[in-house]
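# Commentary on secondary and tertiary structure
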Amino acid sequence: MSFFKKIFSSDKKETLDKGLEKTKSSFFGKLSKAVAGKSKVDAEVLDNLEEVLVSSDVGVDTTLKVIERIEERVSKDKYLGTEELNKILREEIAALLSETNSGEDTEYTIPSLPKQADGRKTPYVLMVVGVNGVGKTTTIGKLAYQFKKQGLNVVLGAADTFRAAAIDQLQVWADRVDVPMIRQEMGSDPASVAFDALKSGVNQEADVIIIDTAGRLHNKVNLMNELTKVKRVMQKVVVDAPHDVLLVLDGSTGQNAFEQAKQFTAATEVTSLAVTKLDGTAKGGVVIGISDQFKIPVKYIGVGEGIEDLQVFNKFEFVDSFFK
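Residues numbered from 1 in each chain as written. Predicted model: local features only at pLDDT ≥ 70, side-chain atom pairs only at ≥ 80, totals over all residues. Heavy atoms only, no water.

## Remarks on the overall build of the protein chain
- A count of helical and extended segments in the protein chain gives 12 helices and eight strands.
- Taken over C-alpha atoms, the radius of gyration comes to 21 Å for the protein chain, in line with the 20 Å a tight globule of 324 residues would show.
- Principal axes of the C-alpha set define a box for the protein chain whose edges measure 65 × 40 × 35 Å.
- Scored against the burial criterion, the 324 residues of the protein chain give a buried share of 55%.
- Long-range pairs, those at least 24 residues apart, make up 77% of the contacts in the protein chain between residues at least 6 apart in sequence.
- Accessible area of the protein chain: about 13,900 Å², with a carbon and sulfur share of 50%.
- Averaging the locations of the 42 positively and 47 negatively charged side chains of the protein chain gives two centres separated by 2 Å. (Helix = DSSP H or I, 4+ residues; strand = E, 2+ residues; numbered from the N terminus. Rg over C-alpha atoms; globule rule 2.2 N^0.38 Å. Buried < 20%, exposed > 50% of the residue type's maximum accessible area, 1.4 Å probe, protein only. Contact = heavy atoms within 4.5 Å. Areas by Shrake-Rupley, 256 points an atom, 1.4 Å probe, with all protein chains shown as cover. Lys, Arg positive; Asp, Glu negative; His and termini not counted. Charge placed at Lys NZ, Arg CZ, Asp CG, Glu CD.)

## Details of a nonpolar patch on the surface
- On the surface, Val-54, Val-60 and Leu-64 cluster together into a nonpolar patch covering about 220 Å² of accessible area.
- As for its placement among the helices and strands, Val-60 is situated in helix H4 (residues 60–77). (Patch = residues over 30% accessible without salt bridge, like charges linked within 9 Å, V, L, I, M, F, W, Y side chains within 5 Å. Salt bridge = Lys/Arg side-chain N within 4 Å of Asp/Glu carboxyl O.)

## Side note on the packing of helix H1 (residues 10–19) against helix H12 (residues 315–322)
- In the contact formed by H1 and H12, the axes pass within 9 Å of each other and the chain directions differ by 50°. When the interaxial angle is binned, H1 and H12 end up oblique. Handedness of the crossing formed by H1 with H12: right-handed. Along its contact with H1, which presents Lys-13, Leu-16 and Asp-17, the element H12 presents Glu-317, Phe-318, Asp-320 and Ser-321. (Axes fitted to C-alpha atoms, helices over the stretch in contact; angles between N-to-C directions. Parallel < 35°, antiparallel > 145°, perpendicular 65-115°, else oblique. Left-handed = near helix turned anticlockwise from the far one by under 90°.)

## Observations concerning a negative patch on the surface
- A grouping of Asp-47, Glu-51, Glu-68, Glu-71 and Glu-72 is seen on the molecular surface, where their side chains present a negatively charged patch.
- Of all the secondary structure elements, the ones that give two or more residues to the negative patch are helix H3 (43–55) and H4.
- Among the elements that take part in the negative patch, H4 stands out by supplying three residues, more than any other.
- Tracing the sequence through the fold places Glu-72 in helix H4.

## With respect to the sheet that holds strand E7 (residues 298–302)
- One open sheet holds the eight strands; their spatial order is E3-E2-E4-E1-E5-E6-E7-E8, and the pairing between them is mixed. Each end of this open sheet is capped by a strand with a single partner; those strands are strand E3 (181–182) and strand E8 (310–312).
- As defined by bridge partners, strand E2 (residues 154–159) adjoins E3 across two bridges and the pair is classed as parallel. Residue Leu-156 lies in a different strand from E3, and its bridge partner there is Met-181.
- Running at roughly 170° to strand E1 (residues 124–129), helix H9 (residues 220–234) makes contact with E1, strand E4 (208–213) and strand E5 (244–250) of the sheet. (Pairing = 2+ DSSP bridges.)

## Some points on the packing of aromatic side chains
- One pass over the full model with this rule turns up six aromatic pairs.
- Ring centres of Phe-27 and Phe-28 lie 5.3 Å apart, and the angle between their planes is 85°; this geometry places the pair in the edge-to-face category.
- Residue Phe-27 is classed as buried on the basis of its relative accessible area, which comes to 1%.
- Owing to a relative accessible area of 22%, Phe-28 belongs among the partly exposed residues under this scheme.
- On the numbers, 5.5 Å between centres and 10° between planes, the contact of Tyr-108 with Tyr-300 is stacked. Note that Tyr-108 is positioned in the loop between helix H5 (85–98) and E1 and Tyr-300 in strand E7, a separation of 192 residues in sequence.
- Ring-pair connections join several aromatic residues into one group, and the members of that group are Phe-27, Phe-28, Phe-313, Phe-318 and Phe-322. (Phe/Tyr/Trp six-rings, centres within 6.5 Å; stacked < 30°, edge-to-face > 60°.)

## Points about the pattern of salt bridges
- For the structure on display, the rule yields 27 salt bridges.
- Here Arg-73 makes a salt bridge to Glu-91, at a shortest N to O gap of 2.8 Å. Of the two residues, Arg-73 is situated in helix H4 and Glu-91 in helix H5; the sequence distance between them amounts to 18 residues. Taken individually, Arg-73 and Glu-91 each receive the classification buried, so the pair is uniform in this respect.
- Here the salt bridges share partners, and the residues they tie into one network are Arg-69, Arg-73, Lys-87, Glu-91, Glu-92 and Glu-99.

## Overview of unusual backbone geometry
- Residue Pro-242 follows Ala-241 across a cis peptide bond; omega there is -10°.
- Within the secondary structure, Pro-242 sits in the loop between H9 and E5.
- We note that Glu-205 has phi near 55°; this positive angle belongs to a residue other than glycine.
- Phi is positive for Lys-295, close to 55°, though the residue is something other than glycine.
- With relative accessibility at 43%, the residue Lys-295 sits in the partly exposed group.

In structure tokens:
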């Protein structure tokens with residue numbers, strides 16, 4: 001398809017190719033077994049393909065959609081060779097991702113926001129949610145780095161006050177990237193930290209304010225109440241904050257990432273996703289399934305440990321690397 005053209009720089013694409021290597025090798029190893037000895041796509045090949053997609057953590061519902069679309073093409077084209085299967089899979093997965101507006105961007109950008117009532121700049125407020133251990137703080141640090149690299153003024157808010165380690169870890173990133181961070185003591189009210197961070201950000205004429213939040217899922221009602229309160233308090237400073245609620249998921253956990261997405265989308269409105277740790281896993285298919293099932297755009301993917309290895313998710317480049 002014509003839309004599979006090179007969009008990223010060669011370095012960025014190379015990092016993406018390398019980051020998805022385990023997923024790709026696993027997927028194509030299974031796919032080649034599924035079509036072994038077959039010259040055309042028949043019912044047996046489709047059954048085998050279904051198994052391959054499910055075992056690659058694409059998810060059952062999304063897999064069934066993909067299989068249905070391929071069945072349609074098989075019935076329409078009458079004779080479809082297995083050598084064409086790779087191309088068709090590539091096209092149908094890109095089409096699925098297009099349905100959630102996932103992956104249109106190639107660079108770190110923020111929308112242009114109208115000025116506040118008093119004439120001051122409106123900062124872009126990003127609230128980050130996710131359980132501990134998924135790479136949430138690292139993702140915030142890498143985002144701060146990328147936004148600063150674009151020439152934007154960034155302020156961080158350490159509203160995950162449940163763990164001292166979370167505050168300290170975020171401080172390490174703030175120091176590394178050289179951006180200000182607003183913090184209080186462990187156990188402080190998260191909404192109070194968020195309020196202070198937004199006040200400080202507005203006073204400093206920040207372009208971007210990133211708020212870290214606690215990721216406790218053991219009591220969904222408490223989590224829901226806390227996140228609702230944080231939002232409500234932020235809106236006292238910036239009326240339409242947050243402009244984005246980013247859920248960070250660990251891609252290496254496969255189906256567990258689906259469960260976390262389900263829990264968080266039930267607790268708060270999630271508007272975008274970051275899927276991390278794709279370089280260390282063969283479960284990269286989870287990006288496709290989560291985006292499709294929750295109808296939430298994937299905005300960023302983590303494909304390595306380096307500070308540059310959090311990439312803006314672009315569906316064409318992702319599918320190109322996946323099926324290369």
